[in-house]
Amino acid sequence: MSIKILLKGIDENELKNVTFISGFRTLGEVGYIATRYMVLKLNMKRVGFVLTKYLRDVTFLDEYGLATPFELFYDKNNHLLVLLSHLLPFQKEMNEFSEKIIKWLKKLEVNNVILIGGLDKRYKGENENYNLRWLKTSASKITLNYPLMEKQLLMIGPLALFTIYSEIEDLPAVVLLPYADRDRIDPAAAAVAIEEINKLLNLKIDVTELYEDARKIEEELQRQLELIQKELNRNVSDRVYM
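Residues numbered from 1 in each chain as written. Predicted model: local features only at pLDDT ≥ 70, side-chain atom pairs only at ≥ 80, totals over all residues. Heavy atoms only, no water.

## Re the environment of G28
Okay, so step 1: Residue placement: G28 occurs in the loop between β2 (19-23) and α1 (30-41).
Okay, so step 2: Separated by 89 residues in sequence, G28 and G117 place their C-alpha atoms 8.5 Å apart.
Okay, so step 3: Other than its neighbours up to four places away in sequence, G28 contacts I33, D181, R184, I185 and D186. (Helix = DSSP H or I, 4+ residues; strand = E, 2+ residues; numbered from the N terminus. Contact = heavy atoms within 4.5 Å.)

Below, the structure is given as structure tokens:
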């Protein structure tokens, strides 16, 4: 296996029966915004990293310090573990990345897996009053007062792989899919997901900032994303190294 999970300052046994949360930089950046916001608002402690063979050569300073591509944060008070992915894994590593993490979570005997994505709001019915759809694995006992994701709609990418391997490994996983704008970063959709997590886990994360400062957050993340994509897409000879 070329994917490694490195824990720092915490014993693996301390993470037994943890609730795991993750999302990715996919449609509307919903999963990324939600997980990063939770990490910051709960003042979570960074306890580990996920290392890949082809680790992205990008780093920057975030609110908590130096950011690496894939980081694990822990909230002892609520026994929560969050995988914060600042970037997507390379396509050729995505399958192994997902399988490794889900099998590790099985070893931890996780209480629940909560995955956050975004559902293209163009699929929302004209008379639909719900702002979220969802689905779950066979082992999950969670029931939400929202309609399930419509049959035949496709979920792709790392979120799909995490869900697939959770089903295979009999992990109780639920996927939250707030309706989001596919053409822009959507902090309000991330707020919807966090509000549902608040209900599920009896948390009190204030999402006012995601609603009121949505434009500012969108502009900051869009600028960051454009810089990252521009740098990663450069030819080696064109890149400017610091």
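There's more to say after this.
## A closer look at the pairing of strand β7 (residues 80-85)
Okay, so step 1: Among the six residues that make up β7, six are buried, leaving the element largely enclosed by the rest of the structure.
Okay, so step 2: Taking every second residue as pointing to the same face, both faces of β7 are buried, with L80, V82 and L84 on one and L81, L83 and S85 on the other.
Okay, so step 3: With five bridges connecting them, β2 and β7 associate as parallel partners. From the neighbouring strand, F20 faces β7, where its bridge partner is L81.
Okay, so step 4: With six bridges connecting them, strand β6 (residues 70-75) and β7 associate as antiparallel partners. The residue of β7 that forms the bridge with F70 is S85. (Buried < 20%, exposed > 50% of the residue type's maximum accessible area, 1.4 Å probe, protein only. Pairing = 2+ DSSP bridges.)

## Some details on the layout of surface pockets
Okay, so step 1: Considering only enclosed or pocket space, the second largest pocket measures out at about 460 Å³ in volume.
Okay, so step 2: Elements with a minimum of two residues in the lining of the second largest pocket: β9 (119-120) and α3 (158-168).
Okay, so step 3: Class assignment of the residues belonging to the lining of the second largest pocket gives a composition of 13 nonpolar, four polar and four charged. (1 Å grid on protein atoms, 1.4 Å probe; cavity = no way out; pocket = protein on both sides within 12 Å on 5 of 7 lines; lining within 4 Å. Points joined across faces, edges and corners; volume = space filled by probe spheres on them. Nonpolar A, V, L, I, M, F, W, Y, C, P; charged D, E, K, R; others polar.)

## As for helix α2 (residues 91-107)
Okay, so step 1: Taking 1.5 Å per residue, 17 residues should reach 24 Å; α2 reaches 25 Å between its end C-alpha atoms and fits that length.
Okay, so step 2: Residues of α2 that are buried include every one of E93, M94, F97, S98, E99, I101, I102, W104 and L105, and no others.
Okay, so step 3: Two residues or fewer past α2, E109 is found with a positive phi of approximately 55°. (Expected span 1.5 Å × (residues − 1).)

## Re the packing of α2 against α3
Okay, so step 1: Contact geometry of α2 with α3 gives a least axis separation of 9 Å together with a crossing angle of 45°. In this view, α2 runs oblique relative to α3, as classed from their interaxial angle. The two elements α2 and α3 cross, and the hand of that crossing is right-handed. Counting all contacts with α2, which are made through M94, N95, F97, S98, E99, I101 and I102, the residues of α3 involved are P158, L161, F162, Y165 and S166.
Okay, so step 2: When the residues that make up the contact of α2 with α3 are grouped by side-chain class, the tally is eight nonpolar, three polar and one charged. (Axes fitted to C-alpha atoms, helices over the stretch in contact; angles between N-to-C directions. Parallel < 35°, antiparallel > 145°, perpendicular 65-115°, else oblique. Left-handed = near helix turned anticlockwise from the far one by under 90°.)

## Some remarks on unusual backbone geometry
Okay, so step 1: Located in the positive-phi region is H79, a residue other than glycine, with phi close to 50°.
Okay, so step 2: Mapped onto the secondary structure, H79 falls in the loop between β6 and β7.
Okay, so step 3: For D170, which is not glycine, the phi dihedral falls at a positive 60°.
Okay, so step 4: As for its position among the elements, D170 is in the loop between α3 and β11 (173-180).
Okay, so step 5: With relative accessibility at 56%, the residue D170 sits in the exposed group.

## Describing the packing of α1 against helix α4 (residues 187-201)
Okay, so step 1: Following both chains from N to C, one finds α1 and α4 inclined at 55°, their axes separated by 8 Å at the closest point. Viewed along their axes, α1 and α4 adopt a mutual orientation that is oblique. Every pair of crossing elements has a handedness; the one defined by α1 and α4 is right-handed. Between α1, through V30, I33, A34, Y37 and M38, and α4, the contact on the second element is made entirely by P187, A189, A190, I194 and I197.
Okay, so step 2: Considering only residue class, the contact of α1 with α4 consists of 10 nonpolar, no polar and no charged.

That is the geometry; function is a separate question.
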